[in-house]
Every structure is written in C-alpha cells, then in structure tokens.
Amino acid sequence: MRATLRLWFVRHGETAWNRDGRAQGGADLPLTARGRAQARRLAARLRPVRFVAAWSSPAVRAVATARAVLACRGRAAPALRRSAALRELSYGACRGEPVHRWPDAVRDAWATEPWWARFPDGVVPPRAREARAGRRLVVEAGESLADVAARAAACVARIVATVPTGDVLVVTHGHLLRALLVDRLGIPVASIRDIVVPNAAVVVLGYDAAVGGWVRRDAVRAARAVATISHSEAA
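Residues numbered from 1 in each chain as written. Predicted model: local features only at pLDDT ≥ 70, side-chain atom pairs only at ≥ 80, totals over all residues. Heavy atoms only, no water.

Visitor: Is there a simple way to explain the overall build of the protein chain in this structure?
Guide: A count of helical and extended segments in the protein chain gives nine helices and eight strands. Carbon and sulfur atoms make up 53% of the accessible area of the protein chain, which amounts to about 11,300 Å² in all. (Helix = DSSP H or I, 4+ residues; strand = E, 2+ residues; numbered from the N terminus. Areas by Shrake-Rupley, 256 points an atom, 1.4 Å probe, with all protein chains shown as cover.)

In structure tokens form, the structure reads like this:
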C-alpha cells in the first residue's frame, strides 16, 4: 500500500457558549472544565498516533485542545502551527446570540439555505489581544459556510503540499469541519444540516499524493459516519 498523509481533524473541547447555545464564531472563549476533561480524554485516545505535524485555529479553545493532545509527547511533539484559515465561521453581528435572537431574515436564510446564508457584518466586543491594544469595539465581517469551505480547502492544500506523508493533527471548529467535509467529499450541500460534529470529535481522512486525492475508503467511511459521530466518544 502506498504511503499516505492522514489528516486528523479535531473539533475543540466545550466552551461556555457551546454549552449555552450561543453563536461563538470569532469570540475567543476558553474551555470549560468539561471541555478540558474532553481534551484530556481525547489526548489519551490519540496517544498512540505519531503526529509529524500539528496545525490549529488561533482561537484559545482550539489551541488549548491541540496542546492537550500534544502534551503527552514531550520532545517528540511537533511544533504547533496556527492558521487563521482554520478559524470558525464568523457570525458577524449575530456573534454571542442564540439562534432565536437572530434577525428573522438571517434565521430564515440559515434554516433554508445554510450553505449560502451570509451573516451580516456587525460591531462586536474585541478579543483579548484587541482589547490589550486599546480597542473597545471591532467590526466583524460575517461569512457564509461557502466562504469557510473555500479558506479551509486552501489551508488543507497548503498542509498537503508541506507534509507529504504521515499523521497530521488539525484542531479546528464545528462549522468549519462540516463545511470542509461537504466540500471535499462531495456530500450534498443540503445534507449539511444532518452533519453532527460534537466537541472533541475526530474525523480522519487519508490523502494519496500519488493520485492527488483523498483515499477512497477513508472518504467513504467519513461520509457515512459524519452524520452519526457518537457523542459518547467526545463526552
């Protein structure tokens, strides 16, 4: 069998806004106690995997999850690289709000055309690093899932070009993973509503550089399983 590159896509552990059902997006919240426990269990589960590279969204919740997975590897752990392309869908003006408080037009578009629905730009509280720089409010541009899929695919292409073989850890976010799987695996766009990616869930895809595509058996397995990823695995 030809050597392949295996990408271990991981969603971060739980945050308070995950728990409370609030649109998180670009907000930089830490893991809850439950989220930290999820990250520790995930680290134990992935301990046998010899990661040759590691990437993460720059969000605090993603970095903390990635560091937990890599911590048990000591000096053998690869350096963690951060990419803004792996950040979560931006909710713009809806950041921090539960779905029932979104404007009617946004909520209806999200319910009927989630792939193309674009969140409106909005003025939101600054992230920690922005607050330290003296900014009190920032304008956050809203995105659609199609936007997220495009930047995620570009990031994956860079990873594939950088690391030809081996196992790579990629810690990111729920909507980004859903969008990436729909885009890369050819899952019907309408099915994105059925894709469930709990906190600390893992999806593994193999990439075969010799044929320039995803290993079919992995892609088929992921496409079949992604709608039914067990919450018990990430509880």
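Text resumes after the structure shown.
Visitor: What am I meant to see in the pairing of strand S6 (residues 166-172) here?
Guide: Walk down a regular strand and you will see the side chains alternate between the two sheet faces. Buried residues dominate S6, accounting for seven of its seven residues. Strand direction decides the pairing type here: strand S1 (residues 5-11) and S6, joined by seven bridges, are parallel. Bridge pairing links Leu5 to Gly166 in S6. As paired elements, strand S2 (residues 51-56) and S6 share five bridges and run parallel to each other. When the sheet's bridge partners are listed, Phe51 is paired in S6 with Asp167. (Buried < 20%, exposed > 50% of the residue type's maximum accessible area, 1.4 Å probe, protein only. Pairing = 2+ DSSP bridges.)

Visitor: Sorry, what's going on with the pattern of salt bridges here?
Guide: Charged atoms that come close allow side chains of opposite charge to pair. Applying the stated criterion across every chain yields a total of ten salt bridges. For Asp20, the salt bridge identified is with Arg19, shortest N-O distance 3.0 Å. Residue classification places Arg19 among the exposed residues on the basis of a relative accessible area of 51%. Between Arg87 and Glu143 there is a salt bridge, with the nearest N and O atoms lying 3.8 Å from each other. On the criterion of sequence distance, the pair formed by Arg87 in the loop between strand S3 (80-82) and helix H4 (104-112) and Glu143 in the loop between strand S5 (138-140) and helix H6 (145-162) is long-range, its members being 56 residues apart. We classify Arg87 as partly exposed; its relative accessible area is 35%. Owing to a relative accessible area of 9%, Glu143 belongs among the buried residues under this scheme. Within the structure, one salt-bridge network assembled from shared partners comprises Arg87, Glu143 and Arg151. (Salt bridge = Lys/Arg side-chain N within 4 Å of Asp/Glu carboxyl O.)

Visitor: I tried to follow the side chain of Glu14 on my own but got confused; where do I start?
Guide: Tracing the chain through its elements places Glu14 in the loop between S1 and helix H1 (16-20). Within the local environment of Glu14, its side chain forms a polar contact with the side chain of Thr32, the two groups lying 2.6 Å apart. When near neighbours in sequence (up to four residues on either side) are disregarded, Glu14 contacts Arg19, Pro30, Leu31, Thr32, Arg34, Gly35, Gln38 and Asn199. (Polar contact = N/O pair within 3.5 Å; in protein donor to acceptor, adjacent residues only side chain to side chain. Contact = heavy atoms within 4.5 Å.)

Visitor: Is there a simple way to think about unusual backbone geometry in this case?
Guide: Glycine aside, the phi torsion of most residues is negative, and most peptide linkages are trans. Although it is not a glycine, Ala200 sits at a positive phi angle of roughly 70 degrees. Within the secondary structure, Ala200 sits in the loop between helix H7 (174-185) and strand S7 (202-208). On the basis of relative accessibility, which here comes to 2%, the residue Ala200 falls in the buried class.

Visitor: Would you take a moment to explain the nonpolar core for this structure?
Guide: Considering soluble globular proteins, one finds that nonpolar side chains tend to be buried as a cluster. One finds Phe9, Trp102, Trp115, Phe119 and Val168 to be the most contacted residues of the largest nonpolar core, which totals 44 residues. When contributions to this core are tallied by element, the ones reaching two or more residues are S1, S2, H4, H6, S6, H7 and S7. Residue contributions to this core peak at nine residues, all from H6. The contacts of Trp102, once residues within four sequence positions are left out, are Ala23, Tyr91, Cys94, Glu97, Arg107, Trp110 and Phe119. Val10, Ala62, Leu70 and Leu169 belong to the second-largest nonpolar core, a separate cluster that totals 14 residues. (Core = buried A, V, L, I, M, F, W, Y, C linked by side-chain atoms within 4.5 Å.)

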